[in-house]
Amino acid sequence: MSQAIYVSTAVGVGVVGGLFLSYHMFKKVQNKTKIPEQWIPVGTLKNLLVYPIKSCAPILLNTAECTSLGLKDNWLRDRFLMVTDSNYHFLTARKHPNLLLVYSSFEKFILTLKHKDMEPLRINLDEVIELQKPQSGDVWGTKVPIYDCGWAASDWFSRLLGSTENPMKLVLYASKKSRKLAQSNLHNIYNFGSEDTGVFTDDTTYNLINEASVNDVKQKAPNSDISIRNFRPNFVLTGAKPFEEDNWRFVKIGSVVFEIIMPCFRCVLTTINPETGVPDTNSEPLETLRSYRLHEDPQIRKSIGNSPRMGVQMALRSPPGGTVNINDTIYIA
């Protein structure tokens, strides 16, 4: 059974250190995109997930606010914290799978961290913002403004990851705007807006997975323990056909509109069991996906190699502040 933490709270309007994108900046993006007028229902929203710390465990919500920086519920934000090395270079569960077993919860501005092998740790994020000066961190070669969450968090993650001689850090995003767009071939191929990259996410602010597509992969790899959580989505769609999402351009959840920017190209992180932190001995589901989900376009293949497609990366195209809820109808165009 999933150990993911369930939260059911009213969507708040507070701002973490100004973590929001101003409306006039959003309009610049919206004006470049023609929003469809006709929509086709394809299913409903089954699960809604937020990952407060990059590469750590999710929190499952019943409702959330959609901002230009990602999902929000009061102080809770999607991937607005991350673990780094002592030079503030980001770390992920690809090399540190124990991060997947770090669970977080929020009581207003108090973040609590838990792991089965560690004592709980409480961090006052309001104090972090008040007392720390912004510094510069690194995500995929792009500089990002951050607050260092302090010695206690550093000691906790250093002991967890076995790196007390080279201390790890926990950092909090320190800007109102999306991080800068990284220089990559994919960003040149796909239609990224300057505000579509979010905070510490790999590519875009939102990720959707089709439950039927996951089931299709599971049927092709029956001896592997594969679940939705292997793919770390924000939105889980139920009711559609397998891989229909390949042909969609826009998605609407309830009344909130998203543009599909690109497929989600999958890496070794999908092969690590999110409940145990143990890699699959047969590199599943990655090997099965590679057998039938590689992109056909040679230009794209040149950029992403043998990384298969699974799910879609999306950016917000309706005004920030709309809410999505479990069981909302999902439409496509």
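Residues numbered from 1 in each chain as written. Predicted model: local features only at pLDDT ≥ 70, side-chain atom pairs only at ≥ 80, totals over all residues. Heavy atoms only, no water.

1. Describing the nonpolar core
L81, V83, L113, I123, F157, L170 and F200 are the most contacted members of the largest nonpolar core, which has 43 residues in total. Elements with a contribution of two residues or more to this core: β7 (81-84), β9 (110-115), β10 (118-124), α2 (125-131), β12 (142-148), α3 (151-160) and β13 (169-173). With 27 residues, the next largest nonpolar core counts L48, L208, I253 and I332 among its residues. (Core = buried A, V, L, I, M, F, W, Y, C linked by side-chain atoms within 4.5 Å. Buried < 20%, exposed > 50% of the residue type's maximum accessible area, 1.4 Å probe, protein only. Helix = DSSP H or I, 4+ residues; strand = E, 2+ residues; numbered from the N terminus.)

2. Here we look at the pattern of salt bridges
A complete count under the given rule lists 17 salt bridges for this structure. Here D78 makes a salt bridge to R79, at a shortest N to O gap of 2.9 Å. Among the salt bridges present, the one from E296 reaches R309, with a minimum N-O distance of 3.3 Å. Placement of the pair is E296 in the loop between α6 (286-292) and α7 (298-304) and R309 in strand β18 (residues 309-316), with a sequence separation of 13 residues. For R309, a relative accessible area of 9% puts it in the buried group. (Salt bridge = Lys/Arg side-chain N within 4 Å of Asp/Glu carboxyl O.)

3. Thoughts on the packing of aromatic side chains
Scanning all chains against the criterion turns up 9 aromatic pairs. Look at W75 and F109: their rings are 5.8 Å apart centre to centre, the planes differ by 65 degrees, and that puts the pair in the edge-to-face class. Residue W75 is found in the loop between β5 (70-73) and β6 (76-77), and its partner F109 is found in the loop between β8 (103-107) and β9; the two are separated by 34 residues along the sequence. Using a relative accessible area of 27% as the deciding quantity, one classes F109 as partly exposed. (Phe/Tyr/Trp six-rings, centres within 6.5 Å; stacked < 30°, edge-to-face > 60°.)

4. Looking at unusual backbone geometry
Cis peptide bonds are those with omega within 30 degrees of zero, and the linkage from E284 to P285 qualifies with 10 degrees. One can find P285 in the loop between β17 (256-265) and α6. One non-glycine residue, Y88, lies in the positive phi region at around 65 degrees. Topologically, Y88 is positioned in the loop between β7 and β8. Phi at S283 is positive, roughly 55 degrees, even though this residue is not glycine.

5. Side note on the confidence of the model for the protein chain
In low-pLDDT segments, the atomic positions of the prediction should not be examined closely. Mean pLDDT over the protein chain stands at 89; residues scoring 70 or higher make up 88%. Ignoring residues within four places in sequence, the model shows residues 5-31, a span with pLDDT below 50, making 73 contacts including any to other chains. (pLDDT = per-residue confidence, 0-100. Contact = heavy atoms within 4.5 Å.)

6. Notes on the sheet that holds strand β11 (residues 135-139)
Taken in spatial order, the 4 strands of this open sheet run β7-β13-β12-β11, and their pairing is antiparallel. A single partner strand is all that each edge strand has here, and the edge strands are β7 and β11. This sheet shows a mean twist of 55 degrees between the axes of neighbouring strands, independent of strand direction. (Pairing = 2+ DSSP bridges. Axes fitted to C-alpha atoms, helices over the stretch in contact; angles between N-to-C directions.)

7. With respect to helix α5 (residues 211-220)
Of the residues making up α5, those classed as buried are E211, A212, S213, V214, D216 and V217. Residues of α5 that are buried make contact with β2 (40-50), β14 (206-210), β15 (235-238), α6 and β18. A distance of 3.0 Å separates the backbone nitrogen of A212 from a side-chain oxygen at the start of α5, and that oxygen is part of N210. (Polar contact = N/O pair within 3.5 Å; in protein donor to acceptor, adjacent residues only side chain to side chain.)

8. Here we look at the pairing of β10
Where β9 meets β10, 5 bridges bridge the pair, whose relative direction is antiparallel. Across the sheet, residue H115 finds its bridge partner in β10, namely M118. From the end of β9 to the start of β10, which pair antiparallel, there are 2 residues.

9. Side note on the environment of N234
Along the chain, N234 turns up in the loop between α5 and β15. Note: C-alpha distance between N234 and Y206 (28 residues apart in sequence) is 6.3 Å. Not counting residues within four places of it along the chain, the set of residues in contact with N234 comprises N47, L48, L49, Y51, L71, D78, R79, T205, Y206 and N207. At 3.4 Å, the side chain of N234 forms a polar contact with the side chain of D78.

10. With respect to the sheet that holds β10
Taking strand neighbours across the sheet as the criterion, the 3 strands line up as β8-β9-β10 in an open arrangement whose pairing is antiparallel. Looking at which strands have only one partner, the edges of the open sheet turn out to be β8 and β10. The average undirected angle you get between the axes of adjacent strands in this sheet is 20 degrees. Its contacts with the sheet place α3 against β9 and β10, and it is angled at close to 150 degrees to β10.

11. Here's the deal with the side chain of S175
On the secondary structure map, S175 appears in the loop between β13 and α4 (185-189). Among the polar contacts made by the side chain of S175, one reaches the main-chain amide nitrogen of K177 at a distance of 3.0 Å.

12. A closer look at the environment of C149
Its location among the elements puts C149 in the loop between β12 and α3. Each C-alpha atom of the pair C149 and Q132 lies 8.0 Å from the other, and the pair is 17 residues apart in sequence. For C149, the residues in contact, after removing those within four places along its chain, are L81, I123, L125, V128, L170, V171 and L172.

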